[in-house]
Amino acid sequence: EYDVVVVGGGPAGASAAIYSVRKGLKTAMLAERIGGQVQDTKGIENLIGVKYTEGPQLAAQLNQHIAEYPVKVLEHRRVQNVISEGKYKIVHLEGGEVIKTKALIVATGAKWRELNIPGEKEYIGRGVAFCPHCDGPYYKGKKIAVVGGGNSGVEAAIDLAGIVKEVVLFEFNDTLKADQVLVNKLKSLPNVSIVTEARTSQVLGDGGKVIGLEYENRKTKEMMKVDLDGIFVQIGLLPNSGFVKDVVETTKFGEIVVDNKGRTNVPGIYAAGDVTTVPYKQIIIAMGEGAKAALAAFEDQMLA
Ligand code: FAD
């Protein structure tokens, strides 16, 4: 039995576990993979106070930091479901283990939806990117594509247009789904062009990096190619919230709804990081949110 169980070992989970244990709470952390998305990241230049680091190095440092404390770490574990039973939460793991805790902090992160076309996986980090805030500056003076005409794609295109030389926005449908104010702003920019009714079919590379994108004009069925230095895929973020979606409130996108202290609508269940409604999915934000959820769990247990 624990005071706090943290599910997730990314920036949010690591931070929540350290803040919990430093408050004297008996803490366990369950994760499939310590480091989370950070493990898939190459250069990180926006974790303030750390000029430059790389994903695997940061993940190792998270691990070392946790190891300084008596946190029970259970790695390579996947949570199947959670049941709220009076003042306890019962966590069921795949494989049959059951863990009982007073507070549960969900920090299971999210995955960017991929195009699932040839070349995409191969060139991640070598021209294929998912995070404009993270990777935008690498493309200064270059020509890039943004794939996806929803709010995130159009926001990314506007944001990147201020950094790069030229942006081409690709949308599958015949109109952009984003809010009209964003579309108007996008259309006012001189270095942006928009291609609608485009079905992206292949990321083209030279073996080392991305050199273009192949797509089908869905109206004429013609196959087209465009030369590019980078491709930002913005077709959705999928929160890893499936195992709690019947327990806590989530949005239609699957984000767990939290208040400004990381509390969900169920007392004793908190959430932090990319899996939540908190805007801007970034390492520094996930760490801050993990700390907040842990401090809220402590405060609530102290007052109980
Ligand atoms: P995650 O890092 O996603 O961690 C989730 C954790 O939950 C993992 O440990 C996972 O194994 C575990 N988990 C998930 N489901 C279960 C389950 N059912 N049971 C048990 N465990 C589970 N951000 C920046 O600030 N700067 C950057 O330069 C940057 N570059 C990026 C580059 C790439 C390629 C990617 C993919 C992301 C990048 N990001 C960057 C975003 C950043 O990585 C995320 O915002 C951050 O990792 C979110 O932290 P998190 O702890 O909420 O979730």
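Source: prediction; values computed, not measured.

Here we take up the packing of helix α1 (residues 11-22) against helix α2 (residues 55-67). Relative orientation and spacing of two packed helices are given, respectively, by the angle between their axes and the distance between those axes. In contact at an axis separation of 10 Å, α1 and α2 are set at 15° when each is read in the N-to-C sense. Judged by the inter-axis angle, α1 sits roughly parallel to α2. Between α1 and α2 lies a crossing whose hand is left-handed. In this structure, α1 uses A14, A17 and I18 to contact α2, whose residues at the interface are L62, H65 and I66. Here the contact of α1 with α2 is built from residues that sort into five nonpolar, one polar and no charged.

Bringing unusual backbone geometry into the picture now. At K221, a position not held by glycine, the phi torsion is positive, near 65°. Take K221: it is sitting in the loop between β15 (210-217) and β16 (223-227). The phi torsion at Y280 lies on the positive side, around 70°, for a residue other than glycine. Mapped onto the elements, Y280 comes out in the loop between β19 (269-271) and α6 (283-303). Owing to 9 C-beta atoms within 10 Å, Y280 belongs among the exposed residues under this scheme.

Below, the discussion takes up the confidence of the model for the protein chain. In this model, the protein chain carries an average pLDDT of 97, and 100% of its residues clear a pLDDT of 70 or more. Confidence estimates for the predicted assembly give a pTM of 0.93 and an ipTM of 0.99.

Moving on, we get to the nonpolar core. By size, the foremost hydrophobic cluster in this structure holds 52 residues, and its most contacted members are V5, A16, I105, V106, A107 and A271. Every element with two or more residues in this core is listed here: β1 (2-7), α1, β2 (27-31), α2, β6 (79-85), β8 (98-106), β19 and α6. Ignoring any residue separated from it by four or fewer positions in sequence, one finds A271 in contact with I105, V106, A107, I256, V258, G262, T264, T276 and A293. In this structure, L115, V164, V192 and V210 belong to the second largest nonpolar core, which totals 34 residues.

Residues of helix α4 (residues 151-161) that are buried include every one of G153, V154, A156, A157, I158, L160 and A161, and no others. Turning to α4, the residues buried within the fold contact α3 (132-135), β11 (143-147), β12 (166-170), α5 (180-187), β13 (192-195) and β17 (230-233).

Parameters at a glance
- Residues numbered from 1 in each chain as written.
- Predicted model: local features only at pLDDT ≥ 70, side-chain atom pairs only at ≥ 80, totals over all residues.
- Axes fitted to C-alpha atoms, helices over the stretch in contact; angles between N-to-C directions.
- Helix = DSSP H or I, 4+ residues; strand = E, 2+ residues; numbered from the N terminus.
- Parallel < 35°, antiparallel > 145°, perpendicular 65-115°, else oblique.
- Left-handed = near helix turned anticlockwise from the far one by under 90°.
- Contact = placed C-beta atoms within 7 Å.
- Nonpolar A, V, L, I, M, F, W, Y, C, P; charged D, E, K, R; others polar.
- Buried ≥ 20, exposed ≤ 12 C-beta atoms within 10 Å, placed from the backbone.
- pLDDT = per-residue confidence, 0-100.
- Core = buried A, V, L, I, M, F, W, Y, C linked by C-beta atoms within 7 Å.

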